[in-house]
Amino acid sequence: MGTGGVAEWRGWTFTTDEFWTSARRDQSRESNIRARNVFAVADGDEWYGKSVTGTFDSTLVSPAYPVTGGRTAMLTYTAYHRHESPQKGEVLVSCDGAAPVSVRTYTADVPSRTETVTLQAPSGARTARVRFRHSGGDDWYWVIDGVTLTGS
């Protein structure tokens, strides 16, 4: 993550709809219809509102979720992604501290919706962590809320 910028928008921020939409009323933030109460947003556009050094590149890491090795698990979350190149959103999962593996990438606009990803837990795995990485320049945003990981 670069330095400088607007402090409250540096990296992933936990915010409310009222606070976030009042930051800028002309960027379709009101279309974030799936997030409720407090949600996470990576907002490179707002961060670049003051002088910065470097680029917006931030990763939000979940707590460890229990998984059963060798079985499938369902990752569910709500997402709202406004895109402008070179921005990218990436969902990565790691089990038991192994290297994260990309399971979904966002390189286009995604309306506010519920996303579901079926994961295969490696044999012997006991825990999984989800990472949401948002990188790019002075461009739009990515909203995440309601993250769950359940076994099947």
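Residues numbered from 1 in each chain as written. Predicted model: local features only at pLDDT ≥ 70, side-chain atom pairs only at ≥ 80, totals over all residues. Heavy atoms only, no water.

## So, the pattern of salt bridges
Point 1. For the coordinates displayed, the defined rule picks out three salt bridges.
Point 2. Arg-104 serves as the salt-bridge partner of Glu-115, at 3.4 Å between the closest nitrogen and oxygen. With a gap of eleven residues between them, Glu-115 in strand S10 (residues 110–120) and Arg-104 in strand S9 (residues 101–106) connect regions that are remote in the sequence.
Point 3. Residue classification places Arg-104 among the partly exposed positions, given a relative accessible area of 25%. (Salt bridge = Lys/Arg side-chain N within 4 Å of Asp/Glu carboxyl O. Helix = DSSP H or I, 4+ residues; strand = E, 2+ residues; numbered from the N terminus. Buried < 20%, exposed > 50% of the residue type's maximum accessible area, 1.4 Å probe, protein only.)

## Brief notes about the nonpolar core
Point 1. Among the nonpolar cores identified, the biggest contains 37 residues, and Trp-12, Leu-75, Tyr-77, Val-91, Phe-132, Trp-142 and Leu-149 are the most heavily contacted of them.
Point 2. Contributing elements (two or more residues each) for this core: strand S3 (38–43), strand S5 (56–61), strand S7 (72–82), strand S8 (88–95), S10, strand S11 (127–136) and strand S12 (141–151).
Point 3. If near-sequence neighbours (up to four positions away) are discounted, Phe-132 is found in contact with Trp-12, Ser-58, Thr-59, Leu-60, Tyr-77, Glu-90, Val-91, Trp-142, Ile-144 and Val-147. (Core = buried A, V, L, I, M, F, W, Y, C linked by side-chain atoms within 4.5 Å. Contact = heavy atoms within 4.5 Å.)

## Details of the sheet that holds strand S2 (residues 12–16)
Point 1. The strand order S2-S3-S12-S7-S10 describes an open sheet built from five strands, whose pairing is antiparallel. Edge strands, defined here as strands with exactly one partner in the open sheet, are S2 and S10. Looking at each pair of strands side by side, their axes are set apart by 35° on average, direction ignored.
Point 2. Where S2 meets S3, five bridges bridge the pair, whose relative direction is antiparallel. Following the sheet pairing, Thr-16 is matched in S3 by Val-38. (Pairing = 2+ DSSP bridges. Axes fitted to C-alpha atoms, helices over the stretch in contact; angles between N-to-C directions.)

## Observations concerning unusual backbone geometry
Point 1. The residue after Ser-85, namely Pro-86, is reached through a cis peptide bond having omega 10°.
Point 2. For Pro-86, the location among the structural elements is in the loop between S7 and S8.

## Observations regarding the side chain of Ser-58
Point 1. Summarising the element assignment, Ser-58 is placed in strand S5.
Point 2. For Ser-58, a relative accessible area of 12% puts it in the buried group.
Point 3. If sequence neighbours within four positions are ignored, Ser-58 has contacts with Met-1, Gly-11, Trp-12, Phe-132, Arg-133 and His-134.

## A word on the pairing of S3
Point 1. Burial within S3 is extensive, with five of its six residues counted as buried.
Point 2. Judged from the four bridges that link them, S3 and S12 form a sheet pairing that is antiparallel. Note on S12: the bridge partner recorded for Asp-43 is Tyr-141.

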